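Read off the chains here:
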Amino acid sequence: MQRDIFTAEHDAFRELVREFLAREVTPFHAQWERDKVVPRSVWQQAGRTGLLGIDVDEKYGGGGNADYRYYAVMDEEVGRAGATGLGFFVHNDMIGQYLLRLCTPEQKERWFPGYCSGDLITAIAMTEPGAGSDLQGIRATAVRQPDGGYRLNGQKTFITNGQLADLVIVVARTDPDAGHRGISLLAVERGMPGFERGRNLDKIGMHAQDTSELFFTDVRVPAANLLGEEGGGFVALMQNLPRERVTIGVYALAVAEQAHADTLAYVKERTAFGQPIGSFQHSKFLLAEMATELAVARAFTDKAIAAHAADQLTTQEASMVKWWNTELCNRVTDRCVQLFGGYGYMREYPVARAWADSRIQSIFGGTTEIQKEIIARGLGL
Ligand SMILES: Cc1cc2nc3c(=O)[nH]c(=O)nc-3n(C[C@H](O)[C@H](O)[C@H](O)COP(=O)(O)OP(=O)(O)OC[C@H]3O[C@@H](n4cnc5c(N)ncnc54)[C@H](O)[C@@H]3O)c2cc1C
């Protein structure tokens, strides 16, 4: 079915992203996987190409275009290219939304120019060793000081862009007795004394992505680095998480479609018992089933993209896109690996990387189980 949610401008933007990835990313990604991190220069190149801060005001170097569909196009193309080292979606689809919503004019002046140029890489630190799904269980504390600033103590883990980040939004408890109203967001900047990076974690996939532990010991965070209101952190998280979730769903579906396309090409070429492996009835049925499931997901996802662009996607719908597409991606990439045989287990094959790299998608941004909890809550359960 023809996709009908994009205009000629979106199509031109897709071409721009594809060219950027083919020129600046794909030829180097294997090396970045060995390095366990991407170079800062690729962020700066993305900034120069206009891929960061598309919805940020032009006066800060952004694109000045609030249309979510541009980010959807970008996330799809990054997913198709298997460019998992690029933490752009965290920067654009997550942190940018917090900064746009919560920053004072002074904070915007300070951070947005670097944010858009790729000189200021961002991260968000919610998860702790003892609290992931249950965000209200976080233990990092930010205690008010006489000068109005905060003294931050705590530990975070699994933080995307953790080694490269110049600005980290840290979720911390400013009032231990106020439940979810005691949680605030602080912008911690590179070089603040007491802010240390731990290990760049050894993951089963996404090897070029720097996912890290972060440590905060008596970090003095000035009052000017509080994002939004003190005690407003949990509400801000709840407002932004649907965007994160629809984005992960958009990305996951693109990965699954690409794996299916690659597998389709492979089964037509590879032969066994004197015939293409795609001619066995079992292979045909598998590919037909996957094509059907992908087409169904595509219809729902495009509707969700358009609804989100119109600011009409509900929290529950965002959760549906997330859990459905990420679980579908796990199923599809797993079947595709099987159809590739032993080659499907070799990281030099994109389908192998897609399988390993995607496995996290039904876990981060809220697990499948948490998405179902949210949907059930919307059903009054
Ligand atoms: C590669 C990677 C990148 C990440 N990036 C970031 C990042 O940038 N910033 C950040 O803050 N975090 C990040 N995370 C953390 C991620 O969001 C958490 O791992 C995730 O939310 C799950 O939390 P947890 O690991 O503590 O698992 P737990 O919360 O311990 O969950 C373990 C299991 O229990 C289940 N479970 C928990 N509660 C319930 C419930 N109520 N009902 C049913 N089942 C339940 C879960 O579904 C899961 O299956 C990242 C993680 C990884 C691996």
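Residues numbered from 1 in each chain as written. Predicted model: local features only at pLDDT ≥ 70, side-chain atom pairs only at ≥ 80, totals over all residues. Heavy atoms only, no water.

1. Considering the side chain of histidine 10
- Relative to the helices and strands, histidine 10 is located in helix H1 (residues 8-25).
- Take histidine 10: its relative accessible area is 1%, and that puts it in the buried class.
- Of the polar contacts made by the side chain of histidine 10, one reaches the side chain of aspartate 67; its length is 2.9 Å.
- Residues in contact with histidine 10, not counting those within four places in the same chain, are Ile5, Asp67, Arg69, Tyr70 and Val73. (Helix = DSSP H or I, 4+ residues; strand = E, 2+ residues; numbered from the N terminus. Buried < 20%, exposed > 50% of the residue type's maximum accessible area, 1.4 Å probe, protein only. Polar contact = N/O pair within 3.5 Å; in protein donor to acceptor, adjacent residues only side chain to side chain. Contact = heavy atoms within 4.5 Å.)

2. Thoughts on the site of the ligand
- Near the ligand there are 19 residues, and of these Thr127, Ser133, Phe158, Thr367 and Glu369 occur at the shortest range.
- Between the ligand and threonine 127, the relevant distance is 2.7 Å, taken from a nitrogen atom to a side-chain nitrogen or oxygen of the residue.
- Contacts to the ligand include serine 133, whose side-chain N or O atom sits 2.6 Å from an oxygen atom.
- Relative to its free-state accessible area of 980 Å², the ligand is covered by the protein chains to the extent of 65%.
- Mapping the ligand onto the cavity grids shows that it belongs to the largest pocket.
- Every element with two or more residues in the shell around the ligand is listed here: strand E1 (122-125), strand E3 (150-160) and helix H11 (368-378).
- Here the shell around the ligand gets three residues from one element, more than from any other, and that element is E3. (Near = heavy atom within 4 Å. Areas by Shrake-Rupley, 256 points an atom, 1.4 Å probe, with all protein chains shown as cover. 1 Å grid on protein atoms, 1.4 Å probe; cavity = no way out; pocket = protein on both sides within 12 Å on 5 of 7 lines; lining within 4 Å. Sits in = over half its atoms within 2 Å of the grid points.)

3. Re the packing of aromatic side chains
- Scanning the entire structure with this criterion turns up 11 aromatic pairs.
- Ring centres of phenylalanine 13 and tyrosine 70 lie 5.3 Å apart, and the angle between their planes is 80°; on these two criteria the pair is classed as edge-to-face. Note that phenylalanine 13 is positioned in helix H1 and tyrosine 70 in helix H4 (residues 68-81), a separation of 57 residues in sequence.
- With 5.6 Å between their ring centres and 40° between their planes, tyrosine 60 and phenylalanine 112 make a pair best called tilted. Taken together, the residues tyrosine 60 in the loop between helix H3 (40-49) and H4 and phenylalanine 112 in helix H6 (residues 105-117) connect sequence positions 52 residues apart. Summarising the burial analysis for this pair, tyrosine 60 and phenylalanine 112 share the class buried.
- Pairwise contacts between aromatic rings join Tyr266, Phe340, Tyr343 and Tyr349 into one cluster.
- Over the ring of phenylalanine 6 we find arginine 14, and its NZ or CZ is 5.2 Å from the ring centre.
- The lysine or arginine in question, lysine 372, covers the ring of tryptophan 323, its NZ or CZ lying 4.3 Å from the ring centre. (Phe/Tyr/Trp six-rings, centres within 6.5 Å; stacked < 30°, edge-to-face > 60°. Lys NZ or Arg CZ within 6 Å of the ring centre and 35° of its normal.)

4. Describing unusual backbone geometry
- One non-glycine residue, phenylalanine 158, adopts positive backbone phi at about 65°.
- Positionally, phenylalanine 158 belongs in strand E3.
- Of the residues examined, phenylalanine 158 reaches a relative accessible area of 57% and is grouped as exposed.

5. A few points about the pairing of strand E4 (residues 167-173)
- Within E4, seven of the seven residues are buried, leaving the element largely enclosed by the surrounding structure.
- Residues Leu167, Ile169, Val171 and Arg173 point to one face of E4 and Val168, Val170 and Ala172 to the other, with burial holding for every one of them.
- Inspection of the sheet shows E1 paired to E4 by four bridges, in the parallel sense. Following the sheet pairing, threonine 122 is matched in E4 by leucine 167.
- In this structure, E4 lies alongside strand E5 (residues 183-189), joined through seven bridges in antiparallel fashion. Opposite valine 168, over in E5, you have valine 188 as the bridge partner. (Pairing = 2+ DSSP bridges.)

6. Looking at a nonpolar patch on the surface
- On the surface, a nonpolar cluster with roughly 340 Å² of combined accessible area is contributed by Tyr345, Met346 and Trp355.
- Checked against the element boundaries, tyrosine 345 lands in the loop between helix H9 (315-340) and helix H10 (350-358). (Patch = residues over 30% accessible without salt bridge, like charges linked within 9 Å, V, L, I, M, F, W, Y side chains within 5 Å. Salt bridge = Lys/Arg side-chain N within 4 Å of Asp/Glu carboxyl O.)

7. Looking at the packing of H1 against H4
- Direction vectors running N to C along H1 and H4 enclose 35°, while the axes themselves pass 9 Å from each other. Along this stretch, H1 crosses H4, giving a crossing that reads as right-handed. Contacts between H1 and H4 involve Glu9, His10, Phe13, Arg14, Val17, Arg18 and Leu21 from the former and Arg69, Tyr70, Val73, Met74, Glu76, Glu77, Val78, Arg80 and Ala81 from the latter.
- Taken together, the residues of the contact of H1 with H4 break down into eight nonpolar, one polar and seven charged. (Axes fitted to C-alpha atoms, helices over the stretch in contact; angles between N-to-C directions. Left-handed = near helix turned anticlockwise from the far one by under 90°. Nonpolar A, V, L, I, M, F, W, Y, C, P; charged D, E, K, R; others polar.)

8. Concerning the layout of surface pockets
- Roughly 1,100 Å³ of volume is contained in the largest pocket.
- Lining the largest pocket we find 40 residues, and of these Thr127, Ile363, Phe364, Gly365 and Gly366 sit closest to its centre.
- Elements represented by at least two residues in the lining of the largest pocket include exactly helix H5 (88-102), E3, helix H7 (233-269), H9, H10 and H11.
- When residues of the lining of the largest pocket are assigned to their parent elements, the largest contribution, six residues, is made by H7.
- Its residues placed into classes, the lining of the largest pocket shows 20 nonpolar, 12 polar and eight charged.
- What the second largest pocket holds in volume is close to 620 Å³.
- Lining the second largest pocket are 37 residues, with Gly79, Ala81, Gly82, Ala83 and Thr84 positioned closest to its centre. (Points joined across faces, edges and corners; volume = space filled by probe spheres on them.)

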